[in-house]
Amino acid sequence: MKRMLLRVFVPIFLSVLFGFICGKMVYDIYFYDNSLTMEDKTIYLIQNGAYSSYDSMIENVSSYNYIYFNEDNLFKTVIGVTMNKDNIDKIKEIYDGEVLVNSYYINDTDILNEIGKLDDELKSYTEVEDIRRVVNDILRLYKNDDKVKLIKIS
């Protein structure tokens with residue numbers, strides 16, 4: 001009787017143990033790859049304002065270099081783009097007034113590489129003119145390629 005119980009329970013125990021180990025490995029690989037992918041492809045848009053009409057937007061932000069997009073029936077103006085959280089404060093400092101920072105997911109590797117290079121350059125600057133020049137270069141990337149798709153991260 002003891003032998004029969006061992007023949008039944010040992011394979012069941014080993015199956016459960018190996019199933020747990022394999023499940024844990026798959027979960028860890030999936031969780032690590034997704035968090036790495038999301039973090040590497042997240043950009044931060046520093047938004048200056050949202051306007052109900054195009055004319056109103058043009059009137060209020062004529063002094064800044066900006067890009068805009070239409071979302072939720074509002075024209076939203078973006079005065080800075082970065083992938084580095086430390087650069088957000090640098091960009092905020094060069095503009096007066098309230099700004100809003102939103103995070104977006106982008107899957108365009110060419111633009112991500114260019115932003116990464118310009119972000120590294122921005123990180124090393126402290127002078128307002130240098131920071132403004134790099135921010136304008138990043139904005140030019142979006143002006144040159146207006147088909148960039150962004151997915152808002154809540």
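It should be emphasised that the depicted structure is a prediction, and the values quoted were computed from it without experimental measurement.

S.K.: Got a sec to walk through the pattern of salt bridges? Specific residues and values, please.
M.R.: Pairing between side chains of opposite charge can happen when the charged atoms of each approach one another. Applying the stated rule across the entire model yields five salt bridges. For arginine 133, the salt bridge goes to glutamate 121, with nearest N and O atoms at 3.2 Å. Taken together, the residues arginine 133 in helix H5 (residues 128–144) and glutamate 121 in helix H4 (residues 109–124) connect sequence positions 12 residues apart. With relative accessibility at 27%, the residue glutamate 121 sits in the partly exposed group. In this structure, aspartate 137 and arginine 140 form a salt bridge, with 2.5 Å as the shortest nitrogen-oxygen distance. Pair noted here: aspartate 137 and arginine 140 are both in helix H5, with a separation of three residues, about one helical turn. Several salt bridges converge on common partners, so that one network encompasses Glu121, Arg133, Asp137 and Arg140.

S.K.: Describe the side chain of aspartate 119, with residues and values.
M.R.: Along the chain, the position of aspartate 119 falls in helix H4. A distance of 3.3 Å separates a polar atom in the side chain of aspartate 119 from the backbone nitrogen of asparagine 84. Contact partners of aspartate 119, with chain neighbours within four places excluded, come to Val81, Thr82, Met83, Asn84, Asn87 and Ile138.

Here is what the cut-offs are and how they apply
- Residues numbered from 1 in each chain as written.
- Predicted model: local features only at pLDDT ≥ 70, side-chain atom pairs only at ≥ 80, totals over all residues.
- Heavy atoms only, no water.
- Salt bridge = Lys/Arg side-chain N within 4 Å of Asp/Glu carboxyl O.
- Helix = DSSP H or I, 4+ residues; strand = E, 2+ residues; numbered from the N terminus.
- Buried < 20%, exposed > 50% of the residue type's maximum accessible area, 1.4 Å probe, protein only.
- Polar contact = N/O pair within 3.5 Å; in protein donor to acceptor, adjacent residues only side chain to side chain.
- Contact = heavy atoms within 4.5 Å.

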